[in-house]
Amino acid sequence: MKNKINISLPSLKEAKLRRNVDVSTIRYIMNDKYDNLGKGKTYYIFTYGCQGNEADSEVMAGILESMGYVKSTDPMNSDLVLLNTCCIRENAEQRIWGVLGQLKGRKREHPDMLVGICGCMPQEEKATKKIIESYDVDIIFGTHNRHHLPELIFKAYESKAKVVEVLSNEGLILEDAPKIRESKHKAWVNIMFGCDEFCTYCIVPYTRGRERSRAKEDIINEVKDLVKNGYKEVTLLGQNVNAYGKDLGLDYTFGDLLYDLDKTGIERIRYTTSHPRDLDEKTMLAMRDCKSVMPHLHLPVQSGDDDILKIMNRKYTYAEYMSKINRLKELVPDISITTDIIVGFPNETEEQFQNTLKLVREVGFEGAFTFIYSPREGTPAAKMKDNVSLEEKHDRLNRLIELTNQGYLKGHQRFVGQTVEVLVDEESKNGDGMMCGYSKHLKLTHFKSNDKSLIGKIVKVKVTEAKTWFMIGDLVED
Ligand code: SAH
Ligand code: SF4
Ligand code: F3S
C-alpha cells in the first residue's frame, strides 16, 4: 500500500460537539505557488447527494480552473477525478463504492491519474478507514476544507502518498472562492451551512458541522451580481434555511432576507430546505408579498405520527405541521407543497404508518421524496432495536408511493387549460422538437419548439396535458 500523510482523520465524537467558538469567515485567496499546478491537465467531478454538494462542486471546479485545470468530458480519462460524496443513506454510499471500484481498474492502467474523494462520506470514521485500506485514492478530504484543495493536490503530486485531511469541527464560512456554475440562468446560493437539529436518524449534523449563516451583505451582493450577469433564478440553500440568522444574534431572520432579496431584481427565488418547526409567519408573509418568491414550498414532514416524530426529535406534531400548512394555503392559495417522508423508522407500527398516509391525503402534497429508514452509524436511531421487517418496510414504501404519485398527477392536472410561465432549461431529452423548463410552481413543462435561443428565458406555455411526472403545453406568443 502507498504511504500516507495523515494531516487529520475524522472523529464522529468530535463532530457532535457544539463548542461555543466564533465561526470564522475565510476570504479565499489563491496562493501563486499553485497557479500552474493544473496546466495542461484535465479534471472531472462526480457529484452525489443534495444541492449543497452541487454548490460545493461548483466551488471546487472554480478552484481547479484557477489552477489551470480544464474540465474533461470523459471522467475515466481525466488527470484528476474528484468524487463529491453523500452518506445520507446506505444506498447513497453503495453507488460510490461502485465508482471507486471502477476507478481502481482505471488507475492501474493510468498510474498518473489522481483520484480524490471529498464531501460527506469521508466525514465518517468507518468510511474513511475503508477508503484508506481498500481503495486506490490519493486525496481524502471532507466538507470543511475544500479551500485546501490546491495544497492537498500539491502534496499528493509531491509526495506520491495518500493525503488525508478530514476536519471534524464546527466548520467555517468560505467567501470569495471562484465558482464555475453549471447553469447560466439558475444559480445555487448558500445562505447557511451545517445543521443543529440532530434529528435522531440523520448524519448531516455530524458531516456538515454547526449551523452558521453567511452575512446578509455577502448574500445580497452575490444575488445582485447574478442579476447583473443575466441570471433569472436563485435557489437559497441550507439544511434548515428557516434558522437563518439565529447564530448571528441580529434581529434579522430568513423572512427579512426574502424581502431584501426580492428588491435585487432577481426574477425567481426558491429555497430549500425548510424545517417545519422554524418556518415562521414572516417567511410565509414574504411568500405572499414578494413577487419573486415562487409559490412552491418543500417542507419535509418525515412522518405523520406524533410518537414517531418525537423519537425522531423533529419537535413538532401532526397538528402543528397542519396548522402551518393551513396558514400557508390561506396566504398563498395556489401554493404547491412537496415533502420528504421516511417509512420504517425503528418499531413503526402499521397504525403509525397509517397516520402518515392520513397526513399525506390531508395536505395534498404535489410531490414527495420517500425513503426507507437507513441506520447511520453514530446517530441515536442506529442504536434502537427494530422489530419491523425489511419486507414490511418495502410494502409500506410501495403503498406510500402509490399515494404520492397521485399527488404528482393532481398537481399537474390542476394546470391543464391554464397558461404558465416557464423558465426554459434545455431541449427535452425524450421528444423531438420539444423544449422544457420549470413553471413557477416547479412543474416540469415540455412544449413544442426547437428555438434554442429560448434557453434561459421565461416563456408562456398553455398547458394541454398532464402526466404523472410532467406537463405538456403549447408556446403562447406574446
Ligand atoms: N435538511 C433537510 C434534508 C436532509 S436530507 C431536512 O431536514 O429536511 C434529505 C432527506 O433524507 C430528509 O428529509 C429525510 O427524509 C431523508 N433522510 C435523512 N436521513 C435518513 C436516514 N437515515 N434514512 C432514510 N432517510 C433519511
Ligand atoms: Fe438532518 Fe434533521 Fe438537520 Fe434535516 S434538519 S439535515 S433531517 S438533522
Ligand atoms: Fe448527503 Fe451530505 Fe447532502 S450526507 S444529503 S451530501 S449534506
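Note that the structure is a prediction, hence the values are computed from the model and not measured. Position numbers for residues count from 1 along each chain, tracking the sequence in the order it is written. To read the labels, note that chains go from A and ligands from 1, taken in the order they are written. A pLDDT threshold of at least 70 governs which residues receive local features in this predicted model, and a stricter bar of 80 or more applies before side-chain atom pairs are shown or counted, although totals over entire chains, interfaces and linings include all residues. Hydrogen atoms and water are omitted, and side-chain values are computed over all heavy atoms in the structure.

### A few points about the overall build of the protein
Part 1 of the reasoning: Helix and strand content of the protein: 13 helices and 22 strands.
Part 2 of the reasoning: Our radius of gyration is a C-alpha quantity, and the globule rule it is checked against amounts to 2.2 Å times the number of residues to the power 0.38. The C-alpha radius of gyration computed for the protein amounts to 23 Å, which stays within 12% of the reference 23 Å derived for 478 residues, consistent with globular compactness.
Part 3 of the reasoning: With the principal axes as the frame, the protein shows a C-alpha extent of 65 × 55 × 50 Å.
Part 4 of the reasoning: Relative to its 478 residues, the protein shows a buried fraction of 55%.
Part 5 of the reasoning: Any two residues having at least one pair of non-hydrogen atoms within 4.5 Å are treated as being in contact. Relative to all contacts within the protein whose residues are 6 or more apart in sequence, the contacts with residues 24 or more apart total 76%.
Part 6 of the reasoning: The accessible surface values rely on the Shrake-Rupley method and a 1.4 Å probe; as for residues, cover is taken only from the protein chains in view. Of the roughly 21300 Å² of accessible surface on the protein, a fraction of 49% belongs to carbon and sulfur atoms.
Part 7 of the reasoning: Where the 69 positive side-chain charges of the protein centre and where its 72 negative ones centre are 1 Å apart. Strands here mean DSSP runs of E at least two residues long; helices mean DSSP runs of H or I at least four residues long; both are numbered from the N terminus. A simple rule labels every residue: compare its accessible area, found with a 1.4 Å probe on the protein chains alone, to the largest value its type can have, and call it buried under 20%, exposed over 50%, or partly exposed in between. When charges are tallied, Lys and Arg are placed among the positive residues and Asp and Glu among the negative ones, while His and the ends of the chain are skipped. To locate a charge, take atom NZ for lysine, CZ for arginine, CG for aspartate or CD for glutamate.

### Some remarks on the sheet that holds strand 18 (residues 419-427)
Part 1 of the reasoning: The rule for pairing is simple: two strands pair if DSSP sees at least two bridges between them. One closed barrel accounts for 5 strands, arranged 18-19-20-22-21; its pairing is mixed. Recorded for the sheet is a direction-independent mean angle of 50° between the axes of neighbouring strands. The axes are straight lines fitted to the C-alpha atoms, using for helices just the contacting stretch, and the angles between their N-to-C directions are given from 0 to 180°.

### Some details on the site of ligand 3
Part 1 of the reasoning: In the neighbourhood of ligand 3, the contacting residues comprise C50, N53, T85, C86, C87, I88, C120, V204, R208 and Q239.
Part 2 of the reasoning: Across the shell around ligand 3, the residue classes break down as 6 nonpolar, 3 polar and 1 charged. Nearness is defined per residue: one heavy atom within 4 Å of the molecule or strand is enough. Gly is put with the polar residues, along with every residue not named as nonpolar or charged; the nonpolar set is Ala, Val, Leu, Ile, Met, Phe, Trp, Tyr, Cys and Pro, and the charged set is Asp, Glu, Lys and Arg.

### Brief notes about the environment of S8
Part 1 of the reasoning: By the element assignment, S8 lies in strand 1 (residues 4-8).
Part 2 of the reasoning: Separated by 133 residues in the primary sequence, S8 and F141 place their C-alpha atoms 9.1 Å from one another.

### Here we look at the domain arrangement of the protein
Part 1 of the reasoning: Splitting the protein by domain gives domain 1 (4-172), domain 2 (183-294) and domain 3 (419-476).
Part 2 of the reasoning: Relative placement of domain 1 and domain 3: their C-alpha centres are 37 Å apart. Residue ranges for the domains originate in an automatic or database domain assignment.

### Looking at helix 13 (residues 390-413)
Part 1 of the reasoning: Over its 24 residues, helix 13 runs 35 Å from end to end, which matches the ideal 34 Å to within 8%, given 1.5 Å per residue.
Part 2 of the reasoning: Of all the residues in helix 13, the buried ones are K393, R396, L397, L400, L403, T404, G407, Y408, G411 and H412.
Part 3 of the reasoning: Buried-residue contacts for helix 13 involve strand 16 (336-343), helix 12 (350-363), strand 17 (368-372), strand 21 (458-466) and strand 22 (471-476). A helix is expected to span 1.5 Å for every residue after the first.

### Topic: the site of ligand 1
Part 1 of the reasoning: Looking at ligand 1, there are 15 residues lining it, with R89, Q239, Q302, D340 and S374 nearest.
Part 2 of the reasoning: Polar contacts, as counted here, are pairs of nitrogen or oxygen atoms within 3.5 Å of one another; within protein the pair requires one atom able to donate a hydrogen and one able to accept it, and residues that are adjacent in sequence qualify only if both atoms are side-chain atoms. D340 is positioned with one of its side-chain polar atoms (N or O) 2.6 Å from an oxygen atom of ligand 1.
Part 3 of the reasoning: Burial of ligand 1 by the surrounding chains reaches 90%, relative to a free accessible area of 540 Å².
Part 4 of the reasoning: Mapped by element, the contributors of at least two residues to the shell around ligand 1 are strand 16 and strand 17.

### Comments concerning the pattern of salt bridges
Part 1 of the reasoning: Criterion for a salt bridge: a side-chain nitrogen of Lys or Arg within 4 Å of a carboxyl oxygen of Asp or Glu. Enumeration over the complete set of coordinates arrives at 44 salt bridges.
Part 2 of the reasoning: Put simply, E90 and R376 hold a salt bridge, and the shortest N to O gap is 3.0 Å. Note that E90 is positioned in helix 3 (residues 90-109) and R376 in the loop between strand 17 and helix 13, a separation of 286 residues in sequence.
Part 3 of the reasoning: Since its relative accessible area comes to 38%, E90 is described here as partly exposed.
Part 4 of the reasoning: According to the relative accessible area criterion, R376 is buried, its value standing at 3%.

### Considering the pairing of strand 3 (residues 42-47)
Part 1 of the reasoning: Across 2 bridges, strand 3 lies against strand 4 (residues 70-71) in parallel orientation. When the sheet's bridge partners are listed, Y43 is paired in strand 4 with K71.
Part 2 of the reasoning: Crossover handedness is defined here as right-handed if the route from the first strand over the helix to the second strand goes clockwise, with the strands pointing away from the viewer. Crossover handedness for the path strand 3 to helix 2 (residues 51-66) to strand 4: right-handed.
Part 3 of the reasoning: Pairing geometry for strand 3 and strand 5 (residues 80-85), over 5 bridges, is parallel. Paired with Y43 across the strands is L80, a residue of strand 5.

### A short note on unusual backbone geometry
Outside of glycine, negative phi angles account for most residues, and trans bonds account for most peptide bonds.
Part 1 of the reasoning: Residues T272 and T273 are joined by a peptide bond in cis, for which omega reads 5°.
Part 2 of the reasoning: Assignment of secondary structure puts T273 in the loop between strand 14 (268-272) and helix 9 (281-289).
Part 3 of the reasoning: One non-glycine residue with positive phi stands out, namely D176, at about 65°.
Part 4 of the reasoning: Here D176 shows up in the loop between strand 9 (173-175) and strand 10 (186-190).
Part 5 of the reasoning: Not every positive phi belongs to a glycine, and F198 is a case in point at roughly 50°.
Part 6 of the reasoning: As for its placement among the helices and strands, F198 is situated in the loop between strand 11 (192-193) and helix 6 (204-207).
Part 7 of the reasoning: Residue class for F198 comes out partly exposed when judged on its relative accessible area of 22%.

### A short note on the environment of M67
Part 1 of the reasoning: If you trace the backbone, M67 turns up in the loop between helix 2 and strand 4.
Part 2 of the reasoning: In this structure M67 comes out as buried when scored by relative accessible area, which is 0%.
Part 3 of the reasoning: Residues contacting M67, with those up to four places away along its chain left out, are M30, Y34, D35, N36, L37, G38, K39, P150 and I153.

### So, the nonpolar core
Part 1 of the reasoning: I191, L236, F254, L257, Y271 and Y321 are the most contacted members of the largest nonpolar core, which totals 54 residues.
Part 2 of the reasoning: For this core, the element with the highest residue contribution is helix 11 (residues 318-331), accounting for 6 residues.
Part 3 of the reasoning: Apart from residues lying up to four places away in sequence, Y271 is in contact with T235, L236, V241, F254, L258, T283, M287, V293 and L297. Nine residue types can take part in a nonpolar core, namely buried Ala, Val, Leu, Ile, Met, Phe, Trp, Tyr and Cys, and a core is a set of them joined through side-chain atoms within 4.5 Å.

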